[in-house]
Amino acid sequence: MNDYIISVRELTKCFGDFTSVNRISFDVQRGEIFGFLGANGAGKTTAMRMLCGLSYPTSGSGTVAGWDVMREGEQIKRHIGYMSQKFSLYNDLTVWENIRLFAGIYGLSKAETERRATEVLERLNFSSERNTLVGSLPLGWKQKLSFAIATIHRPEVVFLDEPTGGVDPITRRQFWEMIYEAADGGTTIFVTTHYMDEAEYCTRVSIMVDGEVRALDTPARLKKQYATESMDEVFRILARGAKRGE
Amino acid sequence: MRGNFLSFVKKESLHILRDVRTMMIVLLIPVVLMILFGFAISTEVNNLNVAIVAPNRTEGVRQVVDRLANNPYFTVVGYDSSIDIDAALRSGKADAVVVFDEDFEHLITQRAEGIDTHPAIQFIFDASNTNIAQTGTAYLQNVVSADHLQQELLNLHLLYNPQMKSAYNFVPGIMGLIFILICAMMTSVSIVREKEMGTMEVLLVSPVRPIKIILAKMIPYFVISCINLATILLIARYLLDVPMSNGVWSIVIISVIYLLLSLALGLLISTIASSQVVALLISAMVMLLPMVMLSGMVFPIENLPTVLKPLPYIVPARWYTEANRKLMIMGLPLSAVMKEVAILIFMTFVLMGVSLKKFKDKLE
């Protein structure tokens, strides 16, 4: 047992002739906020799907939370949290019903669900909204609730797929505070984003181009290496060489 | 893990219950359709407007006119010695005109004696709607010629539906339609909705097995369809007087098989459709229309051109409707429709297999 929560070697996924993810290798440390960047079509989503146990790698090896991505997809699903770019709670269910559903999916007992729901709602100052339909909440609130629910079963690692898409800067800021809080609590965060200012918040960042990981380091060192002021520049320098289009 | 299956069923039921409008529609569609087809829309011809032209109002003429006037199918709208027949038909005042010969009595007597004469009565019918014209002339002929014009040559017995009520014919067809509509359309739309909303992805990343997600979706719709089945059977029995002389259980059994088949069809559609609109279109255009036309519900299968004849064999509604007719109208026992039952079960398994396979492939 090492201290890496995610560890992949030569992970590859082909669809027919097309190699979507080409022999990527990296490690993610427990408790870090790992930024997973890449232009559209670079293979980010495919890589993430393999890590989440949704799709089997063509070749290579890897573990997530100690489970094998080749053979133990179902176990991985149990031990991770996931929040997608689309807002993905049920609008026609109340806050409490959404919590109960997802807690139920992850096998929390009734008493445990109740305890954690109360705790989460208090932390978010949502206690009064317990029986409000999620559909009538403002987007920012929904997003926070989404994150809270994705972590309701206390997963060791949470995958966030562009969690702040379409959200205003203030809410994004608040959202990142939640991410930090969770990371401080020991949860590993694996996050994809298109906002380069968010990349700066990450402990370490990897940048994918054409199915390969081209760069992986802390934002500070990446900037130094490419002699630029911002992650935005770093990303542009790397993405410029991309052969794949959109 | 039974707990999370139940919480899924609960969630699906909440979706349905929260959407009051859709639920009302789903529950009311069968009632409305049954009443529409049972009472309002029928292939029977009612209230035919008949104008009568009789130069001499003799006893014989009066008898025929009385019979027409007392017959619930006809309304006598004019009784004159001469009218402008063309105008009466054109204006729509009359659907048919019955013209008596000047010498009606005489001709009838001569006929009775076996002497060949020219006709004593003429029907002039507005045949712009062929259905009405065909049925209407047959009715007219029956009423008018009741006693004198001909002796009974044939002995006609209409079995199972002696009054030729069209409701009897429609009820089995309507059932075939409603269940496809509700099961296939509603399940496919609700599965595709989750794809569209992005919630399906979250569910797939969770430890729930995909098959459970699907089953949990089907259960509430199955329950709703069972409620519909009960409503339909009650309306059919007590409002439309459909006989069902062999009891209701055989009908329930075959209907449940058909429900499962419809659910499988819904799942199949959901694997093909990428959006709710597409799912709706597929259900409505690709399934509903051929089903109406090829199930024998409205148009007799026998009338199809040879090229199209094989098509109804693959339409599930056809087998269901046929079996249902035997069970509901003819009052046959379940053993008489074993062929249909076997075909429906076979179709259900094939559809379930194909759609589950497709659903799984899609996930990869």
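If you're wondering where the values come from, they're calculated on a predicted model, not measured in any experiment.

(A) Focus on the packing of helix α3 (residues 95–105) of chain A against helix α4 (residues 110–123) of chain A. Residues and elements named next belong to chain A. Running from N to C, α3 and α4 point in directions that differ by 130 degrees, and their axes come no closer than 10 Å. Between α3 and α4, the crossing angle belongs to the class labelled oblique. Crossing hand, α3 versus α4: right-handed. Judged by residue contacts, Val95, Trp96, Ile99, Arg100 and Ala103 of α3 engage Thr113, Glu114, Ala117 and Leu121 from α4. Class assignment of the residues belonging to the contact of α3 with α4 gives a composition of 6 nonpolar, 1 polar and 2 charged.

(B) Layout of helix α3 (residues 59–70) of chain B. For α3 of chain B, built from 12 residues, the straight-helix expectation of 16 Å at 1.5 Å per residue is met to within 8% by its first-to-last C-alpha distance of 16 Å. Elements that come into contact with the buried residues of α3 of chain B comprise β1 (48–53), β2 (74–80), β3 (96–100), α5 (104–112) and α6 (130–144) of chain B.

(C) Here's a closer look at a nonpolar patch on the surface. Together, Val277, Leu281, Met285, Val286, Leu289, Met293 and Phe299 of chain B line one region of the surface with nonpolar side chains, adding up to about 680 Å² of accessible area. By secondary structure assignment, the location of Val277 of chain B is in helix α11 (residues 276–294).

(D) Local environment of the pattern of salt bridges. Residues and elements named next belong to chain B. Throughout the structure, instances matching the rule amount to 28 salt bridges over all chains. Salt-bridge contacts for Asp86 lead to Arg90; the nearest nitrogen and oxygen are separated by 2.9 Å. Here Asp86 pairs with Arg90, and both are found in helix α4 (residues 85–90), just 4 residues apart, close to one helical turn. Given a relative accessible area of 43%, Asp86 falls into the partly exposed group. Take Arg90: its relative accessible area is 69%, and that puts it in the exposed class. In this structure, a network of salt bridges that share partners links the residues Lys11, Glu12, Glu194 and Lys217.

(E) Quick peek at the sheet that holds strand β10 (residues 212–217) of chain A. All names here are of chain A. Strand order in the open sheet made by the 6 strands is β6-β7-β8-β3-β9-β10, with mixed pairing throughout. Both outer strands of the open sheet, β6 (80–83) and β10, are each paired with one neighbouring strand and no more. Between one strand axis and the next, the sheet turns by 15 degrees as a mean value, whatever way the strands run. Across 4 bridges, the pairing between β6 and strand β7 (residues 157–161) is parallel. Considered in β7, the bridge of Ile80 is made with Val157. Along the sheet, helix α5 (residues 139–150) makes contact with β6, β7 and β8 (188–192), crossing β6 at roughly 160 degrees. Set on the sheet, helix α9 (residues 231–240) makes contact with β3 (33–38), β9 (204–209) and β10; between it and β9 the angle comes to about 25 degrees.

(F) Geometry of the nonpolar core. In this structure, Ile6, Phe159 and Phe190 of chain A are the most contacted members of the largest nonpolar core, which totals 164 residues. What Phe190 of chain A contacts, discounting residues up to four positions off in sequence, is Ile6, Phe26, Val28, Phe34, Phe36, Met48, Leu51, Val157, Val158, Phe159 and Leu160 of chain A. Judged by nonpolar contacts, the second largest core, of 24 residues, contains Val45, Val50, Ala96 and Val143 of chain B.

(G) Expanded view of the sheet that holds strand β5 (residues 67–68) of chain A. Residues and elements named next belong to chain A. Pairing in this open sheet of 4 strands is antiparallel, and the strands run β2-β1-β4-β5 from one edge to the other. A single partner strand is all that each edge strand has here, and the edge strands are β2 (18–29) and β5. Taken together, the 5 bridges between strand β1 (residues 4–15) and strand β4 (residues 59–64) define a ladder with antiparallel strand orientation. Counterpart to Ser7 in the pairing with β4 is Thr63. The sheet strands contacting helix α1 (residues 44–51) are β1, β2 and β4, and the helix crosses β1 at an angle near 120 degrees.

(H) Inspection of the environment of Ala199 of chain A at higher detail. Residue and element names in this part refer to chain A. Mapping Ala199 onto the fold places it in helix α7 (residues 196–201). Here Ala199 falls in the buried class, since its relative accessible area comes to 0%. Separated by 21 residues in sequence, Ala199 and Met178 have C-alpha atoms that sit 16 Å apart. Setting aside anything within four residues of it in sequence, one finds Ala199 in contact with Leu37, Thr193, Val205, Pro219 and Met231.

(I) Here's a closer look at the domain arrangement of chain B. Annotation of chain B at the domain level lists domain 1 (2–41 + 165–363) and domain 2 (48–144). A separation of 48 Å is found between the C-alpha centroids of domain 1 of chain B and domain 2 of chain B.

(J) How the structure looks around the pairing of β7 of chain A. All names here are of chain A. Counting buried positions along β7 yields 5 of 5 residues, so the element is predominantly enclosed. Burial along β7 is two-sided: the face carrying Val157, Phe159 and Asp161 and the face carrying Val158 and Leu160 are both buried. Relative to β8, β7 runs parallel, the two being bridged by 5 bridges. Its bridge partner lying in β8, Val158 is registered against Ile189. Note on the crossover from β7 through helix α6 (residues 169–184) to β8: the handedness is right-handed.

(K) Just the packing of α3 of chain B against α6 of chain B, in detail. Residue and element names in this part refer to chain B. Orientation of α3 relative to α6, taken along the N-to-C sense of each, is 130 degrees, at an axis distance of 9 Å. In terms of orientation, α3 and α6 fall into the oblique class. In terms of crossing hand, the pair formed by α3 and α6 is right-handed. Two secondary-structure elements touch here, α3 through Val64, Arg67 and Leu68 and α6 through Leu140, Val143 and Val144. Looking at the contact of α3 with α6 residue by residue, the classes come out as 5 nonpolar, no polar and 1 charged.

Reading the values: the criteria
Residues numbered from 1 in each chain as written. Chains lettered and ligands numbered in written order. Predicted model: local features only at pLDDT ≥ 70, side-chain atom pairs only at ≥ 80, totals over all residues. Heavy atoms only, no water. Axes fitted to C-alpha atoms, helices over the stretch in contact; angles between N-to-C directions. Helix = DSSP H or I, 4+ residues; strand = E, 2+ residues; numbered from the N terminus. Parallel < 35°, antiparallel > 145°, perpendicular 65-115°, else oblique. Left-handed = near helix turned anticlockwise from the far one by under 90°. Contact = heavy atoms within 4.5 Å. Nonpolar A, V, L, I, M, F, W, Y, C, P; charged D, E, K, R; others polar. Expected span 1.5 Å × (residues − 1). Patch = residues over 30% accessible without salt bridge, like charges linked within 9 Å, V, L, I, M, F, W, Y side chains within 5 Å. Areas by Shrake-Rupley, 256 points an atom, 1.4 Å probe, with all protein chains shown as cover. Salt bridge = Lys/Arg side-chain N within 4 Å of Asp/Glu carboxyl O. Buried < 20%, exposed > 50% of the residue type's maximum accessible area, 1.4 Å probe, protein only. Pairing = 2+ DSSP bridges. Core = buried A, V, L, I, M, F, W, Y, C linked by side-chain atoms within 4.5 Å. Domains from an automatic or database assignment. Right-handed = clockwise from strand over helix to strand, strands pointing away.

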